[in-house]
Amino acid sequence: MADNTEDSKSPVPEAAQPGGPVDDVVDVPPQDDVETTETNEQVADDVEAEPEDPAPDTTDEGQQTDASEETKDDAVKSDTKDVTQDKAASSEETKENIPADNTDEKVSDKKTDVENEGVSLAPEEKPDSKKDKETSSLKPESEPESPKGETQGENKVEEEKQESENVPITSTSKSGSAKSTKNDKSKGKPTSSQAADDEADVKAGSKPISAKGSRPSSAKPSSAKPSSRPASGKPSSRPSSAKPGSKPVSRPASSKPGSRPMSGKPGSRPTSAVKTADVGDKSGFPKADLTKEATVEIPTAVDDSTEEPVADKPTSRPEPAHLQTGSRPASRESTRSATRKPSPAQSNKDGATTPDPDKLQHEATAPPPTADTMADTTQTTTLNPTPSIPQPPPNILKIKQPTPLPPEDIHINALNMVWSFGMNRHIPVLNLTDDERKMIGYACAHTVILYDFANNTQQILQGHSNPVSCSCVSADKRWLATGDRGEDSVVIVWDTNTGIPIQTLFDAHPDGVAAIAMTPDAKYLATMTSSDSQVLMVWDWTTNSNQPLCSVKLSPNYGYQNYILFNPVDTTHLVTNSEHQVVFYSWKTGSMEHFAPGLTDEDFNKQVGKYSQTIFKYQSSRCLTATSVGNLVVWDTNKPLTKVVNSESTPDKKALKLVKLQERGINVLTTTDKYIVTGDVFGHVKFLDQTLKLVMWYQDINLGPINSLSFAYFPDFDEQLALAEEMIVFDEFDPYASLHEMTNYQEDATIAAKKLVIRDFVLGTSQAIYAQIVPDGTDINIIHREHDAAIHALATHPTLPHVAIGSYSGLLKVWNYDTRTPVVSRYFEKGNLIRCCAYDPKGEFLAVGMISGEVYILYSISLDNRVLEPFHYARDAITHAVFSHDSQWLATADAEYTLSVFKRTPDRQEPWEYVGRHRAHYKLIKEVIFGVYLDSNEPRLMSLGEDRVLVEYNLKESSKDNLLVLESDRIEQSAVPLCMAYYPPVTKEHFFLTANDQYKFKLYNATTKMCRKTLLGPVYGSPPRKITVVAATEGNELADRRYMAYITDDKVGLQILPLDGNPHTSMTLVAHPTGVTNLACSCDGKYVFTAGGTDSTVHMWQISVPALEAQAIIGGEGLIPFYGLLDGGREGELFAELENYFYYAQLRSQGVNTMDNREVSTTIPLSEVPFVMRSMGFYPSEEEVMDMLNEVKYSRYVETGKYVEEINLGDFIKLYINHRPAFGLSTDKLRWAFETLGYPLGEDFAIDRGDLLDILQQKGEHMTEYELAEYLTTLLGYNEEGGSSEQIEFDPSKTGDIIEENLAQDVTATVFSDEILGFSMYSDLVQNKETAET
């Protein structure tokens, strides 16, 4: 075979010379019988380069080492000198470890000097961790065990050398010698055995392949295309993919005995080609095909006694997963590179070596193994230097770093968000991918999710109390800024490396933030308010200032500006746009000017369309704006036309021309490198050059209309792009072949059909799909496919860790919430909007209710129809679906206040049949529950409606089309019940629990339906809308006590059971600011799930019982929490009055005028309870009085069988706190009653005096004429003792005249509340008290 090394006469670049700084690794297409090669320039130098050592004789390797030790010492001294010279000329950011010869003191000292070289990093400077990780990936993973004699001899030499010379020993080979990384032509000839092997390889005719930048056409085995060309002289600048979860892969120098060196001539040194990306890696880097034999390598841990001291460096990110846990062991047959024997403490059972995290930084600088050293030495691979990651703004160093978060197993809150399903598809997704991670950032309700799609992990950023409305990220993907819209709006800047909020802007945007942008260097931030008169502000967020550098108020005529962009070249220029106006800005500290050029359809006699996004053109004063009709508006400087081209940027611009780019609308307009990129409503992505010529067109994505595009960040991508565009001839028979032909980048649309090398990018669509596009192979990786409409359906499996989520988009998706992976999903036909769903207790079926009124019964695992055709008996949306405890009955409720029942049959073809429907409510049904009768195992079905009626159905006697009602009870007098659930067995009595709109929980006897207890519920902005008891399983931490989860309008909370009205036994957090629509608990009692309705998300919350118990303990025990609910507390006036009233009630019960001896007691009779309540300002109705008396009377009946006839002061305080209105007296309901019953009179509503007296005597808890006369005259102030008292009897004879003279003919709401009831006095008293406190 002809030798191609003579044709490669180009000089070796500095970065490619042996001994140069380590920057990158390269990959090789997999082949069984083909070896990797060095670059052509290196091959030319290696013809007369250093001799290769023969393969070690494993039978007597120790003797062989002793025989060649003297010769190698001389070579090592020369090598070390050359290495030191090369090191001084190399990059200061790159650090090399030169292996020391354990038999030569000079080499060890020289190595120590070289290793101690380096540049100290400034505080907060991000270290070049990628270089260290890449170099560390070159370390071997495992090592075959050495012969006993060799190991003993080596250890003995090391110990003696270390004791005598006190020189630390680092990485040594098995033979005790070390090779330099410098190829010196003055070295000796190759040994005879190695030369013989080389000669045999040449005769065999094996062809060398490219070892730099080459890659197979696809990661699939069927598409791999191995190359037989020699390697080019250009090194690859593509960085190694040291991402979490990736496995470093190294190709062996020779996979079979007898193969020749890679250069094709004896004496040349083959290089070790290493690849660190996983199979199927979609990062845009060359992929490794593992269908052939490969060596998986990780750094070998170094013993503490031999470790060279290394200066501490700050770490920006945790080490990748493959450096923390160890990769899979390599095949011994395929591994020929030198490896060291790991220490027993660092080796796992499979033989893979797990590195010590404390030594990773030192190991990263150790020289990588090469194939020519076989089992003898360790050699450094020389590649391009790594460009430094851009540093953060200098002023960031002034920001005080926040306190580190507590460990994950310690929770401050009882509910902790651990995962979020869904996204806000209206907010653009941000691609946070770089050299070390594959990550996206996106908004999810009021949180921001950092999702590592390579490892399927989420980091949830919580800090907003309103839905996130906008976001942006710096050029290096480190700094993320988010803003929200609503009350208490804030702007937060996050560090994506740690997830910690670095800066927060409070009270700067009263109505919220409409748009946000950050300069590429992350120095400045621009925000646009969402008020009617919008204000653009520029912030230097790296300082502690609460004021913007400059701002400008915009005219409402500009429309709602919802897009901002800084000029990447000159950050003092910005652009914003609404649908009809583009505004250009120029700013400096303290001032800002703006221009709003006009453009109409008549200007160019073409339809302009609605504006979407605007960009600054590369190295030009022009700007481009995309429109909804496929146009690009070209804006340029508004100056007279001259022949002199002025590229100076100015905000004074005008529309230069209108370019028709396509027929349909363009939603996204952005740039990457030198290309202009568009995304349209067709779902196409187009790449244009600066002259607007089409370069590439992705038209087969088929994921829906594009609404966001974001590109990955690779620091050295520009060098990679330049290398790929450079035509490098390396085959004499194919002079037009180039390096980038070995990749799978698509050809562009030009005549030259060059490979278009672009960054990986992530796109988002209006159908709630996030996908990663890898141009190197055009791979489409679906990251998320979620709901794009409101979510109301939510249910958890009774035995498996599955949660089913359904939305108005017709998507039903089941997730495994333990592994955070989807199990199965199904799209229903168009028009089937999912409203509710429910699993049966056995987990066999899943019932799904639709907005159309259809009911589907599906297999819970496959989501296939169990019933061939859905049931369609309702004419409105199915709002509830629930199974009986034995899975034999299914009940559904619809929006027409009707309940339907289905029954299971033994027929396999039709396993379910329709029983009947009944409309027992006249308002919306709020809850449907199945229970069990206490004296049998028969199911019990009840429904509760907004009409305050609890209906129980007779399932036993119901027949086809005849659903019977057993009984109907009105359980509330004035409050509206909102939800219902069976109370867990924490008491001996069986109850079901309801929550009403007056912030009260009520317990009803399960048999008699008597209200047995009223308790104060959580008071967090709105009453509980849905409650569910958290499951308690054996071995669960919740088994000792029971807990209940609940949701309000926008919050989720946890409550300790049994209920007692103590406010410290419950907690709540904002779950979905736009509203919570549903709630579910996991079968193991560990998680709570909340659905957000219009925000299209579901949050998963982990329950932490110790946090809630600690909160209850801190709140106090006994009566202490209830004292805090009284005005003034235990020492206040209200408590003192209560004591006086309490003891006065004892006097009344014994008779005021009695002359008998008084009995002082700590209790009062139950008959006195209503009077004391009224004296405290709480005026209960007669039904409420009866509920209070029954609550006390039957409180111990189950335990003792006796009634309670008296109540002490402590129990009375609890009774008063739990029954009184949660927010005191209010006139709102009184005014509502006058509006309903009366007629308008001026600005108020009035009721005729006669009608008012009739209503009071005939409606509701009507009064007698005697009672009405007594109460009205007392309220009007004509009874000295307040009506019937202990001393005077009431005389009703003159009441008619008194009422007629003092009560107006038209009684208004204001007169009745202020003059008759005296609410004005109460209001004045409260106002005076607040003023005094102030």
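All figures in this text were calculated on a predicted structure; none of them were measured in a lab. Numbering of residues starts from 1 in every chain and runs along the sequence as written. Selection of residues for local features in this predicted model requires a pLDDT of at least 70, selection of side-chain atom pairs for listing and counting requires 80 or more, and totals for whole chains, interfaces and linings are taken over all residues. Side-chain descriptors were evaluated using all non-hydrogen atoms of the structure, hydrogens and water having been removed beforehand.

Help me understand the overall build of the protein, please; the structure alone is not making it clear to me.
For the protein, the helix and strand inventory stands at 22 helices and 64 strands. Taken across its 1334 residues, the protein has 55% of its residues classed as buried. Residue contacts are defined here by distance: any two heavy atoms, one from each residue, within 4.5 Å place the two residues in contact. Sequence-distant contacts in the protein: of pairs separated by 6 or more residues, those separated by 24 or more amount to 60%. Here the Shrake-Rupley method, with its probe set to 1.4 Å, supplies the accessible areas, and only the displayed protein chains count as covering residues. With the model as given, the accessible surface of the protein reaches about 58,200 Å², and the carbon-plus-sulfur share is 50%. Helix and strand definitions here come from DSSP, where helices need a minimum of 4 consecutive H or I residues and strands a minimum of 2 consecutive E residues; each element is numbered from the N-terminal end. Partly exposed residues are those whose accessible area sits between 20% and 50% of the maximum for their type, while under 20% is buried and over 50% is exposed, using a 1.4 Å probe and protein chains only.

Teacher, can you tell me more about the side chain of E989 here?
Looking at the secondary structure, you find E989 in the loop between β49 (977-982) and β50 (991-996). Given a relative accessible area of 15%, E989 falls into the buried group. Any pair of nitrogen or oxygen atoms within 3.5 Å is treated as a polar contact; in protein, a donor-acceptor pairing is required on top of that, and neighbouring residues in sequence qualify only through side-chain atoms on both sides. A distance of 2.7 Å separates polar atoms of two side chains, one belonging to E989 and the other to N1005. Every residue in contact with E989, bar those within four places of it in the chain, is listed here: N1005, R1012 and V1198.

I'm lost on helix α10 (residues 1105-1115) in this one. Help?
Turn by turn, an α-helix covers 3.6 residues, leaving residues three or four places apart pointing in a common direction. Within the span of α10, buried status applies to V1105, A1107, L1108, E1109, A1112 and G1115. In this structure, the buried residues of α10 make contact with β54 (1042-1047), β55 (1051-1057), β56 (1066-1070), β59 (1097-1103) and α11 (1120-1123). Trailing α10 by a residue or two, G1116 shows a phi angle of about 105°, which is positive.

Teacher, can you tell me more about the packing of helix α17 (residues 1228-1237) against helix α21 (residues 1309-1316) here?
To describe two helices that pack against each other, one gives the angle between their axes and the distance between the axes. To get an axis, fit a line to the C-alpha atoms, keeping to the stretch in contact for a helix; angles then go from 0 to 180 degrees between the N-to-C directions. For the pair α17 and α21, the least separation of the axes is 9 Å and the interaxial angle reads 145°. Where α17 crosses over α21, the two elements pack in a sense that is right-handed. Here α17 contributes L1230, R1231 and F1234 to the contact with α21, which in turn contributes A1309, T1310, F1312 and S1313. Gly is put with the polar residues, along with every residue not named as nonpolar or charged; the nonpolar set is Ala, Val, Leu, Ile, Met, Phe, Trp, Tyr, Cys and Pro, and the charged set is Asp, Glu, Lys and Arg. Tallied by class, residues from the contact of α17 with α21 come to four nonpolar, two polar and one charged. Crossing handedness is defined as follows: a turn of the near helix away from the far one that is anticlockwise and smaller than a right angle gives a left-handed crossing, while the clockwise case is right-handed.

Teacher, can you tell me more about the side chain of S1104 here?
Note that S1104 resides in the loop between β59 and α10. Filtering out sequence-adjacent residues up to four positions away, S1104 remains in contact with H411, N413, A414 and N416.

Sorry, what's going on with the pairing of β49 here?
Side chains on a regular strand alternate between the two faces of the sheet. Of all six residues in β49, five are buried, a share of seventy percent or more. At least two DSSP bridges between two strands are needed for those strands to be called paired. Where β49 and β50 come together, five bridges link them in antiparallel fashion. Residue Y982 lies in a different strand from β50, and its bridge partner there is F992.

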